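Overview (structure and organization)
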Amino acid sequence: MGAYDTILGHHGAIEQLERARSLGRVAHAYLFHGPDGVGKQKVALAFAQALNCEDEEKAPCGVCESCLKIERYNHPDVRLLASESYLVGRGLLEMEKGAPSLQIKNAQLDELADLFRHRPYLGRYKVVVVVDADRMNVNSQNRFLKTLEEPSDESVIILVTTHPEALLPTIRSRCQALGFGPLGREAMAGYLIERHHLEPRRAGVLAAMAQGSLGRAVQLTDEEFLQARDGVLASLSRTLSGDLADVLAEVEEIGGGRSGRDRLEMSLDLMEMWFRDLLFCRLGVDERLLVNHDRTEELQRFTAKTSSRQLLRWIERVRTVRGSLRVNANPRMALEAMLLATRSG
Ligand SMILES: [Zn+2]
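Now for a look at the structure at hand. Fair warning: this is a prediction, and the values are worked out from it, not measured in the lab.

What the chain contains, in helices and strands, is 17 helices and 5 strands. Scored against the burial criterion, the 345 residues of the chain give a buried share of 37%. Sequence separation of at least 24 residues holds for 68% of the intrachain contacts in the chain that already meet a minimum separation of 6.

This part is about the packing of helix H2 (residues 11–22) against helix H3 (residues 40–52). Two elements in contact, H2 and H3, have axes whose closest approach is 11 Å; the angle formed by their N-to-C orientations is 20°. Taken together, the axes of H2 and H3 are roughly parallel relative to one another. Classified by chirality, the crossing of H3 by H2 is right-handed. For the pair H2 and H3, the contacting residues are Ala13, Ile14, Leu17, Glu18 and Arg21 in the first and Val43, Phe47, Ala50 and Leu51 in the second. Residues of the contact of H2 with H3, tallied by class, amount to 7 nonpolar, no polar and 2 charged.

Between helix H9 (residues 185–196) and helix H10 (residues 200–209), whose axes approach to 8 Å, the crossing angle comes to 135°. When the axis of H9 is compared with that of H10, the two are oblique. Remark: the crossing between H9 and H10 carries right-handed chirality. For the pair H9 and H10, the contacting residues are Arg185, Met188, Ala189, Leu192 and Ile193 in the first and Pro200, Ala203, Gly204, Leu206, Ala207 and Ala208 in the second.

Looking now at the sheet that holds strand E3 (residues 126–130). Spatially, E2-E3-E4-E1-E5 is the arrangement adopted by the 5 strands of the open sheet, whose pairing is parallel. Strands at the two margins of the open sheet, each flanked by one partner only, are strand E2 (78–81) and strand E5 (176–179). Between one strand axis and the next, the sheet turns by 20° as a mean value, whatever way the strands run. Note that strand E1 (residues 29–33) and E5 share 4 bridges and pair parallel.

In this structure, Phe32, Val129, Val130, Ile158 and Leu159 are the most contacted members of the largest nonpolar core, which totals 82 residues. By residue number, the principal contributor to this core is helix H14 (residues 260–283), which donates 11 residues.

With that settled, the discussion passes to the pairing of E3. The buried count for E3 comes to 5 of 5 residues, which makes it a mostly enclosed element. Here E3 shows a buried face lined by Lys126, Val128 and Val130 and a second buried face lined by Val127 and Val129. Pairing of E2 with E3 involves 4 bridges; the strand directions are parallel. For arginine 79, the partnering residue across the bridge sits in E3 and is valine 128. With 5 bridges connecting them, E3 and strand E4 (residues 155–161) associate as parallel partners. Across the sheet, valine 127 pairs through a bridge with valine 156, a residue of E4.

With that settled, consider the environment of valine 131. When you line up the elements, valine 131 lands in the loop between E3 and helix H7 (138–149). Ignoring anything within four residues of it in the chain, the contact list for valine 131 reads Gln41, Leu80, Leu81, Ala82, Tyr86 and Val160.

For the rest of this paragraph, the subject is H10. Buried within H10 are the following residues: Ala203, Gly204, Val205, Leu206, Ala207 and Met209. Just downstream of H10, glutamine 211 is the residue with a positive phi angle, here 50°.

Here we take up H2. Its 12 residues place the ends of H2 16 Å apart at the C-alpha level, agreeing with the 16 Å of an ideal helix rising 1.5 Å per residue. Positive phi shows up at glycine 24, right after H2, with a value of about 70°.

Another point: unusual backbone geometry. Negative phi values dominate among residues other than glycine, just as trans dominates among peptide bonds. Omega for the bond connecting alanine 59 with proline 60 falls within 30 degrees of zero, at -5°, which places this linkage in the cis form. Its location among the elements puts proline 60 in the loop between H3 and helix H4 (65–71). Within the chain, aspartate 132 stands out as a residue other than glycine whose phi angle is a positive 50°. Positionally, aspartate 132 belongs in the loop between E3 and H7. Judged by the 23 C-beta atoms lying within 10 Å of it, aspartate 132 falls in the buried class.

Moving on to the environment of arginine 25. As for its position among the elements, arginine 25 is in the loop between H2 and E1. The exposed category is assigned to arginine 25, around which 8 C-beta atoms lie within 10 Å. In the structure, arginine 25 is positioned 128 residues away from aspartate 153 in sequence and 9.9 Å away in space, judged by C-alpha atoms.

Here is what the cut-offs are and how they apply
Residues numbered from 1 in each chain as written. Predicted model: local features only at pLDDT ≥ 70, side-chain atom pairs only at ≥ 80, totals over all residues. Helix = DSSP H or I, 4+ residues; strand = E, 2+ residues; numbered from the N terminus. Buried ≥ 20, exposed ≤ 12 C-beta atoms within 10 Å, placed from the backbone. Contact = placed C-beta atoms within 7 Å. Axes fitted to C-alpha atoms, helices over the stretch in contact; angles between N-to-C directions. Parallel < 35°, antiparallel > 145°, perpendicular 65-115°, else oblique. Left-handed = near helix turned anticlockwise from the far one by under 90°. Nonpolar A, V, L, I, M, F, W, Y, C, P; charged D, E, K, R; others polar. Pairing = 2+ DSSP bridges. Core = buried A, V, L, I, M, F, W, Y, C linked by C-beta atoms within 7 Å. Expected span 1.5 Å × (residues − 1).

As structure tokens, this is what we get:
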């Protein structure tokens, strides 16, 4: 089972899907829910490969033409339905003008309905993976419901979301729900050592701090991320003492080619980890457990200037901005407000 081998954990969910497939009882719609970065979408795509694999014995083999087409997102029967912002961020869509939408649009849902009117072109099943399914407003969800209500034996819809509660009950009730939990620390560390060639101690620290999200752990191994961190830390130290305009300019530089929103999300992650490290320092936690354990001197210096209460408040603020970002706040304004609040304590 080639394609499943690359997935960390979630044996229960995979077993359940495979049992349904082998019995010919694949559901028309699934709801994969659980935290960010644990591999929900990877499982969804591997399942799409299994459903269409040319090698019945080894499905999903991961190497046949069908499996490869799905992996490269160019199988005519398997689609990712996602917001423009998501697709642009992953190089799957180019936009000539205008800012990419954060929401799944009605026109995309109409395309989906169209796809479902035809039989599969190449494979046995048409599979649509709806990424961040909660990024449909109520109107879109109602439109989507019509497609869900007319299932065909040859189509499977997989809704993937970290916020299942944001979906209409009428949608949820038509899906078979599969929960994806956070990943184990040891399994993640093993993965980082094996696939990212990390030194065991570093792998252990990153796995611990990524809080069950492999996506986040991998992000932390990224060189670009480390560079971004330097920028954010420089900004933060200036925020506590210096000029706000400077800080904003700095944050806008972070992350090179990324969109403003991606950059801000990355900055927020970095800030939260920094504040959390400061809190750990104050509490006298083992240095090896810090994400920024290579910056302990600076951490100690900052720690002396803050209180635990203040740090908890800042962490709370970072989370608030992240939340407001989800509902389409202007990234720059959201960040500005947070930095101002941070400065005033
Ligand atoms: Zn295959």
